[in-house]
Amino acid sequence: MGAVDVPGAMRLVVLGNVRALDPAAAMFQAMLKGWEQQQQSRLLAKKTISDRLSLVRRFADYTGTYPWEWNAEDVEAYFSTQMSRELPLAHSTVRGQQNDLQLFCTFITDGRYGWAAACQEEFGQVPAQICHDWNTADHVAEFEGNPGRRALTYDELQALFDAADDRVEQARKRRRKGVLAAWRDAVLLKSVYTYGKRRRETSMLDLHDLRHNPRAKDYGRFGALEVRFGKAPRGSPSKRRTVLTVPEMDWIVPLLEEWVDEVRGRFGAGKHPALWVTERCGRLGLRRLDEVFALVRQHAGLPEELELHSLRHSYITHLIEFGYPERFVQDQVGHRYASTTALYTWVSDEYRNRLLEDSLARRVERMAAREEVGQR
C-alpha cells in the first residue's frame, strides 16, 4: 500500500515492512511519526520523545485498539493495572504518563493536523481526548519524589566517606588492580557532595571546568567548578552555572589536586578531557556513578533507599545549616526557584535545637531588659 493520505502537511513515509501494514496500523504509525516530528520541532530531548512514544505504544498494546477507538475507561483500567503491580509506579510517574497521554490525544484531535477528518473518512470514527480532570491524578504536592530520598546525616556522610577510603586500603592490601578505581571513587563521591552536583553534571565535567576564584586564591584552580551540562528546561539547552568552593568544604581541594596531578594520569587517559575517567580511558558514565555509590553505600552499611542524588540533598541542607542565604544556595545548585531548593532541605535536629536555644536566649534577654526598665 502507499502512503496514508492525510489532510495537511502530515504524510506517512512508507519504508520497509510498513508497506505490509493494514490501513489502521499504518494510520497509527503515521500519528506517532507526526507527533515525533512535532516534538522535535519543539526541541525536546530525544529521551523525552522516545519515552512518550513508548508509553503510547504500551497503552495501545494494553487496550488492543487504536487511538480513534480509545475512551476514558481505557485510561482508568490501564493505570489501575499499573498501580496494582507488586511494585506500583510512583505518583509522579503516573501523573507524568497521564500528562504525556493527554498531550498525544491533544495532538491527534487538533483540527490543524487533520487526523480526525482522516480517521472519520477511513474508519468512521474520530479520536477524542480521554484524559480528564476526573480520571487523572492531581498535582497537589510540591514534592512527589520518593520519601526515602533524603539528606544524609553527618554520621551517615562520615560513614560513607570512611567506607570509600576503606575500599582503597583493602585494595592496596590485596595488591589488586582496583586501587586506582577505588581511589577515584572515593574522591568522586566526596566531590559530588562538596559541590552538590547531579549525575550528568558530574559525568560531563572536564579538566578545563576547574576554575580559579580570585577571592579564594588559596584554592588555586579548585576555587570553583564550571558546570556546563546542568539540568535543561524543556526544549532548551543545558543550563550553565559556576559552583564556588565553600570554606566549610575546602578539604576537597587537596583531594582534587592529588587526583588531577598524581592519580588520574595513571589511568592512561592521555588527552581525554574528562575529569573522571574509566580504566578503559573513557568518560565515567551515569550508570557507573550509581554503581559506585551503591557499592560504597553497601560497604558502609547504610540504608538502600539512599542514592547518589542524596549527596546533593545533603549539600543543600548543610549549606543552609552553615548559615548561607537562600539565594546563594539556590545559585550554587542551579535551581530556578527558591521553593525548589526548600524541597531538598532536611535540617538536622542539632540545627533546629540550636535555633531554638538561640531563640530562647533572646527571649531571656528581652525579659531581663524589661525587668531592668521596670525597676528604674
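Residues numbered from 1 in each chain as written. Predicted model: local features only at pLDDT ≥ 70, side-chain atom pairs only at ≥ 80, totals over all residues. Heavy atoms only, no water.

(A) Layout of the overall build of the protein. In terms of regular secondary structure, the protein is built from 14 helices and three strands. Within the protein, contacts between residues separated by at least 24 positions form 62% of all contacts whose residues are at least 6 apart in sequence. Surface accessibility of the protein: about 21,300 Å² in total, with carbon and sulfur atoms responsible for 49%. (Helix = DSSP H or I, 4+ residues; strand = E, 2+ residues; numbered from the N terminus. Contact = heavy atoms within 4.5 Å. Areas by Shrake-Rupley, 256 points an atom, 1.4 Å probe, with all protein chains shown as cover.)

(B) Spatial organisation of unusual backbone geometry. For Leu43, which is not a glycine, the phi torsion comes out positive at approximately 65°. With respect to the helices and strands, the residue Leu43 is situated in the loop between helix H1 (23-41) and helix H2 (46-63). Its identity as a non-glycine residue notwithstanding, Cys281 has a phi of 65°, on the positive side. Tracing the backbone shows Cys281 in the loop between helix H9 (252-263) and helix H10 (286-300).

(C) Structural view of the nonpolar core. Counting residues in hydrophobic clusters, the biggest one holds 57 residues, and the most contacted among them are Leu160, Leu189, Trp259, Trp276 and Leu311. Every element with two or more residues in this core is listed here: helix H6 (154-174), helix H7 (179-195), strand E2 (224-230), H9, H10, helix H11 (309-322) and helix H12 (326-333). In terms of residue count, the dominant contributor to this core is H7 (11 residues). (Core = buried A, V, L, I, M, F, W, Y, C linked by side-chain atoms within 4.5 Å. Buried < 20%, exposed > 50% of the residue type's maximum accessible area, 1.4 Å probe, protein only.)

(D) Here's a closer look at the sheet that holds E2. Overall, antiparallel pairing links the three strands, which are arranged E1-E2-E3 in an open sheet. On the outer flanks of this sheet lie strand E1 (210-211) and strand E3 (239-244), each paired with one strand and no other. Looking at chain direction, E2 and E3 are connected through five bridges and run antiparallel. Across the sheet, the residue bridging to Gly230 is Lys239, located in E3. (Pairing = 2+ DSSP bridges.)

(E) Molecular detail of the confidence of the model for the protein. When pLDDT is averaged across the protein, the result is 86; 85% of the residues are at 70 or more. With pLDDT under 50 throughout, residues 1-19 is counted as low confidence; its partners more than four residues away or in other chains account for 32 contacts. (pLDDT = per-residue confidence, 0-100.)

(F) Fine view of a positive patch on the surface. Together, Arg362, Arg363, Arg366 and Arg370 line one region of the surface with positive charge. For Arg370, the position within the fold is in helix H14 (residues 349-375). Arg370 gets classed as exposed once you look at its relative accessible area, which sits at 61%. (Patch = residues over 30% accessible without salt bridge, like charges linked within 9 Å, V, L, I, M, F, W, Y side chains within 5 Å. Salt bridge = Lys/Arg side-chain N within 4 Å of Asp/Glu carboxyl O. Lys, Arg positive; Asp, Glu negative; His and termini not counted. Charge placed at Lys NZ, Arg CZ, Asp CG, Glu CD.)

(G) Here's a closer look at the packing of H2 against helix H3 (residues 72-83). Relative orientation of the contacting elements H2 and H3 amounts to 100°, with a least axis distance of 11 Å. It follows that H2 is roughly perpendicular to H3 by the angle criterion. The residues of H3 that touch H2, namely those facing Leu55, Arg58, Phe59, Tyr62 and Thr63, are Asp74, Val75, Ala77, Tyr78 and Thr81. Of the residues in the contact of H2 with H3, the class split is six nonpolar, two polar and two charged. (Axes fitted to C-alpha atoms, helices over the stretch in contact; angles between N-to-C directions. Parallel < 35°, antiparallel > 145°, perpendicular 65-115°, else oblique. Nonpolar A, V, L, I, M, F, W, Y, C, P; charged D, E, K, R; others polar.)

(H) Highlighting helix H5 (residues 115-123). Turning to H5, its buried residues are Trp115, Ala118 and Cys119. The arc that holds every buried residue of H5, seen down its axis, measures 95°, which confines them to one face. Directly after H5, the chain includes Gly124, whose backbone phi takes a positive value near 75°. (Arc of directions from axis to C-beta.)

(I) Broad picture of the state of the cysteines. Going through the model one piece at a time under the given rule, you end up with zero disulfides. Sulfur of Cys131: no disulfide; nearest cysteine sulfur belongs to Cys105 and is 5.5 Å away. (Disulfide = S-S within 2.5 Å.)

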